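Survey of secondary and tertiary structure
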Amino acid sequence: MPRRILQGVVISDKCDKTITVMVEQHFMHPKYKKYVRRHKKYAAHDEANSYKIGDSVKIMESRPISKTKKWVVDSKVGGEK
């Protein structure tokens, strides 16, 4: 099966080798026909501790690394600083 890839923004880099990524989803409400925003936070594995708060990143689904980490940072979105 193909691995899911999500895009989001780093909101925390306090843990060692772990970042927290917030992924926002836009969808149309089935009854009210209005676009709604939902967000969810994912813990992702960052081996080199290279990503900082505010970076836009892509995360890829992987094997469970810990109790909460099941995602790995795939790449940085946009240009390098």
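Note that the structure is a prediction, hence the values are computed from the model and not measured.

**Let's talk about the pairing of strand 4 (residues 56-61)**
Pairing analysis gives five bridges linking strand 1 (residues 5-12) to strand 4, with the strands arranged antiparallel. Note on strand 4: the bridge partner recorded for glutamine 7 is lysine 58. Relative to strand 5 (residues 71-76), strand 4 runs antiparallel, the two being bridged by five bridges. Residue pairing in the sheet places methionine 60 in a bridge with valine 72 of strand 5.

**Observations concerning unusual backbone geometry**
Positive phi outside glycine occurs at lysine 17, with the angle close to 60°. By the element assignment, lysine 17 lies in the loop between strand 1 and strand 2 (18-28). Non-glycine residue asparagine 49 carries a positive phi angle of around 55°. Within the element layout of this structure, asparagine 49 appears in the loop between strand 3 (35-45) and strand 4.

**Topic: the side chain of aspartate 46**
Mapping aspartate 46 onto the fold places it in the loop between strand 3 and strand 4. Polar contacts involving the side chain of aspartate 46 include one to the main-chain amide nitrogen of serine 50, which spans 3.1 Å. Discounting residues that sit within four places of it in the chain, aspartate 46 has contacts with Lys17, Thr18, Ile19, Tyr51 and Val73.

**Topic: the nonpolar core**
One finds Val10, Ile19, Val21, Val23, Tyr42, Ala44, Tyr51, Val57, Ile59, Trp71 and Val73 forming the largest nonpolar core, which totals eleven residues. Counting residues per element, the ones that place at least two in this core are strand 2, strand 3, strand 4 and strand 5. Examining the composition of this core, we find that three residues originate from one element, strand 2, more than from any other. Those residues in contact with alanine 44 that sit more than four places away from it in its chain are Lys17, Thr18, Ile19, Val21, Ile59, Lys69, Trp71 and Val73.

Criteria and thresholds
- Residues numbered from 1 in each chain as written.
- Predicted model: local features only at pLDDT ≥ 70, side-chain atom pairs only at ≥ 80, totals over all residues.
- Heavy atoms only, no water.
- Pairing = 2+ DSSP bridges.
- Helix = DSSP H or I, 4+ residues; strand = E, 2+ residues; numbered from the N terminus.
- Polar contact = N/O pair within 3.5 Å; in protein donor to acceptor, adjacent residues only side chain to side chain.
- Contact = heavy atoms within 4.5 Å.
- Core = buried A, V, L, I, M, F, W, Y, C linked by side-chain atoms within 4.5 Å.
- Buried < 20%, exposed > 50% of the residue type's maximum accessible area, 1.4 Å probe, protein only.

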